[in-house]
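# Chains, contacts and geometry: an overview
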Amino acid sequence: MIEDPVYQMSEDDDRSPPLDLGGPASVTESSNKTRNCTGVSGSGSSPIEFQAQYPDQVLENVLENVLYFLTSRRDRSAASLVCKSWLHAEALTRSDLFIGNCYAVSPQRVTARFTRVRSVSIKGKPRFADFNLMPPNWGAHFTPWVAAMATAYPWLEKVYLKRMSVSDDDLAHLADSFPGFKELVLVCCEGFGTSGLAVVASKCRQLRVLDLIESEVTDDDVDWISFFPESQIYLESLIFDCVECHVNFDALERLVARSPSLKKLRLNRLVSIGQLYRLMIRAPQLTHLGTGSFSTSAEVMAQGEQEPDYVSALAAAFAACKSLVCLSGFREILTDYLPAIYPVCANITSLNFSYANINAEQLKSVICHCHKLQIFWVLDSICDEGLQAVAATCKELRELRVFPVDAREDIEGPVSEVGLQAISEGCRNLRSILYFCQRMTNAAVIAMSRNCPDLVVFRLCIMGRRRPDHLTNEPMDEGFGAIVRNCKKLTRLATSGLLTDKAFSYIGEYGKLLRTLSVAFAGDSDMGLKYLLEGCPKLQKLEIRDSPFGDAALLSGLHHYYNMRFLWMSSCRVSRRGCREVARAMPRMVVEVMKNDLEEEVMADYVEILYMYRSLEGPRDDTPKFVEIL
Amino acid sequence: MGFEETELRLGLPGNNGGGSGTEVAEVVRKRGFSETESDVTDNVDLKLNLSSKEAGVDAKDKAKSLMNKEKNLLPADPAKPPAKAQVVGWPPVRSFRKNMLAVQKSSSSSSEESEKNMGLGLTLVKVSMDGAPYLRKVDLKMYKSYQDLSDALAKMFSSFTIGNCGSQGMKDFMNESKLMDLLSGSDYVPTYEDKDGDWMLVGDVPWEMFVESCKRVRIMKGKEAVGLAPRAMEKCKNRS
């Protein structure tokens, strides 16, 4: 059973220890240990066979009871490696399944080993697919999974999918197969529409959670909200802010009214502020609210109606939500209404303004109250001045994301190193930052590395490709070097700006805990990638685009690739020859070579996109035309 | 070996530490186009503005070894900053988020199309260059004239072309009077496929018509564009 230790690769990268894919040795080892177990626990002079069976069974029962309490994936992985008994016991008691790459293992293998699963999480496409770097229909289909689970896990309660292709039929199959189904969370998924949602709403009688996050939902002209039966009174979370079609508001209002357990409600862009008000007064128990458009509907605006009282009425509604901790939405914000949220500012820990095109002054009026804020997503329209205000008030800030209003290169950006410096000085507890800007300096990045030593995630996106430090004109090597050197807990890094191989030597030297790395338009030579592959032992997910790394660099990572979830290289310098060599040297890697464009004329040996990942199953059988597996 | 580090650039007298990468555009900008032209033939001996770590390398040897590769396309027009062509998936903002904001600005509902062009009125066309390993995509509506476009394309493709600066650069084929010189040489010629499927020389029709009808652009070697020459020649004859 070569699969035993190998299975661990489907575990979450940050939980399981890196494992060797070697097979036979470990199998023998576990058999030996089993025999030892038997020998030790036996008593008396009964025949070996009798001794062998009974203590095994006791052991497994005991184990099951103990292992039941193990929740951490890493602990479970470790436990399953002890010996065969433990492997079986752990498999029987594992109720939460995490598949980090849907192609690393097959649904059949999973359902054969784990038989009592209640909750499944599956991740599909690589992240760069979000940015159109890969043609659609690459794969990651939910269909085979739902088919296998339908028979194997009749008591399945929860499904979490990220970057999977989910069809309406899949949703129907899910709704039909799991009578106790409670939670459906779809993040960055596509392939389904309102008709699939309607089936889930109507047939999943035990549904508690329906969360659609940043997913593409086609408008099938089906009024899915109406499909929740009157008996559906248990809803705890309804998130549909990404759905781009009108929902039947009356049906929604009735649903909210009969759901006293509803804690999370995130409305889509097409819900007006008046409708928001009506929903809020029916659900003062909300903890998470997505406000929808936060604007008056088009009809109202066309008629020129003023609703001056709405602000105070709305403020009262907000004030009534005493448990509100997470606020988002503001999709088409009418800034006149901003004061309505003041009553909740003091309590909120998470605020998502990343669709609200507000300026520094408008932000200040809100943020000055937000002393408890830990998570803040915002647009760069607030400028450096707005960030300074954040730094002044939000001392508990853990996560900051600054998105660009205008995501083009070569324009004057409203935020810069000034904002970053201010944040670093004010928010010393920062753990995670995503910062889009047009200009940056090494000094500010170095300052952040010193002021915020607890950083776990540092993602800087200088939008102009290969931009140097705009004051010194030097590469951004020293800034990123300081980050990996000073932020000793760093596990995720995204680089940008002008970077030489030196930056990568720093990352290789100091990035010992680094698991996820994103590189674009950086480096000078193969050495850059070599530094990474040779220096970062915990590297799990490496995505690289438009960087001059070639076959020599690719081949320098053979010792490490089995420890990784995937490697993505697009528009680099790798050739088919090099990729084939990897495929030959590493039989358990699936090496996918793709073009982003079928009609494209490319040089014969050139590889536009390389996506490779470890797998127990070998090449998948659902590759589209533009994918070739070497 | 990285192409960027050996990219040949025009070093200005008195220009200190022009840096690398995108600073090239600023460097060249300071000279008038005519100056650029005349310097072209001197560029075998030009100052190679390599990144600092390459100090010890004999740049000329490297340059010679790369002569066989694609020619350099000069970023031209000094008067205004070359518009940067959009690169697919950069900056890494999810199309979902980009679409949302675009929708807010235009206050109309966004399309559900997965095709990137639609719904936002983009005019993305593929631009390929003979010899370049892969093609780029460009939004034609970002540019106001052939000049803008040629600047952007030159910048875009210069990042993986090295060699002498012997060509007149893309500037020339936008200039009809130089068309003949160009076509007879071994320089690059931009061509495009229009709605009818015909391959035309870029510059043949007024800019607006070009944006409407262009489906894709191919920058071919001058010699291969000979078949298109008659049209251009006729056009020139008609005008002169």
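One can find the structure itself at the top, above this paragraph.
How each quantity is defined
Residues numbered from 1 in each chain as written. Chains lettered and ligands numbered in written order. Predicted model: local features only at pLDDT ≥ 70, side-chain atom pairs only at ≥ 80, totals over all residues. Heavy atoms only, no water. Helix = DSSP H or I, 4+ residues; strand = E, 2+ residues; numbered from the N terminus. Buried < 20%, exposed > 50% of the residue type's maximum accessible area, 1.4 Å probe, protein only. Contact = heavy atoms within 4.5 Å. Areas by Shrake-Rupley, 256 points an atom, 1.4 Å probe, with all protein chains shown as cover. Phe/Tyr/Trp six-rings, centres within 6.5 Å; stacked < 30°, edge-to-face > 60°. Lys NZ or Arg CZ within 6 Å of the ring centre and 35° of its normal. Pairing = 2+ DSSP bridges.

### Structural notes on the overall build of chain B
The secondary structure content of chain B amounts to nine helices and five strands. Sequence-ordered secondary structure for chain B, helices as α and strands as β, is α-α-α-α-β-β-α-α-α-β-β-α-β-α. Per-residue burial over chain B gives 55% buried out of 240 residues. Put simply, of all contacts in chain B between residues at least 6 apart along the chain, 67% involve residues at least 24 apart. Here chain B displays about 10,900 Å² of accessible surface, and carbon together with sulfur accounts for 51% of that area.

### Some points on the packing of aromatic side chains
Applying the stated criterion across every chain yields a total of 22 aromatic pairs over all chains. With a centroid separation of 5.2 Å and 70 degrees between ring planes, the pair formed by phenylalanine 521 of chain A and tryptophan 90 of chain B is classed as edge-to-face. On the criterion of chain membership, the pair formed by phenylalanine 521 of chain A in the loop between strand 18 (516-520) and helix 21 (526-535) and tryptophan 90 of chain B in the loop between helix 3 (59-65) and helix 4 (95-106) is interchain, its members lying in two chains. Each member of the pair, phenylalanine 521 of chain A as well as tryptophan 90 of chain B, is classed as buried. Through a chain of ring-to-ring contacts, three or more aromatic side chains come together here, namely Tyr103, Phe128, Phe131, Trp138, Phe566, Trp568, Tyr611 and Tyr613 of chain A. Here the guanidinium or amino end of arginine 485 of chain A rests over the ring plane of tyrosine 506 of chain A, the centre of that ring lying 5.2 Å away.

### Quick word on the pairing of strand 3 (residues 188-194) of chain B
Note on strand geometry: in a regular strand, side chains alternate between the two faces of the sheet. Residues and elements named next belong to chain B. Burial analysis of strand 3 places seven of its seven residues in the buried class, the great majority of the element. In strand 3, alternate side chains face the same way, and those of Tyr188, Pro190, Tyr192 and Asp194 on one face and Val189, Thr191 and Glu193 on the other are all buried. Bridge count between strand 3 and strand 5 (residues 214-221): seven bridges; the pairing is antiparallel. Each residue of the ladder has a partner; that of aspartate 194, found in strand 5, is cysteine 214. The turn joining strand 3 and strand 4 (residues 199-201), which pair antiparallel and follow one another in sequence, is formed by four residues; a positive phi near 90 degrees is taken by glycine 197.

### Details of the environment of cysteine 536 of chain A
Residue and element names in this part refer to chain A. Mapped onto the fold, cysteine 536 is located in the loop between helix 21 and strand 19 (541-545). Once the C-alpha coordinates of cysteine 536 and phenylalanine 114 are considered, the two residues, 422 residues apart in sequence, prove to be 32 Å apart. Setting aside residues up to four positions removed in sequence, cysteine 536 forms contacts with Ile507, Gly508, Gly511, Tyr531 and His560.

These figures come from the coordinates and say nothing about function on their own.
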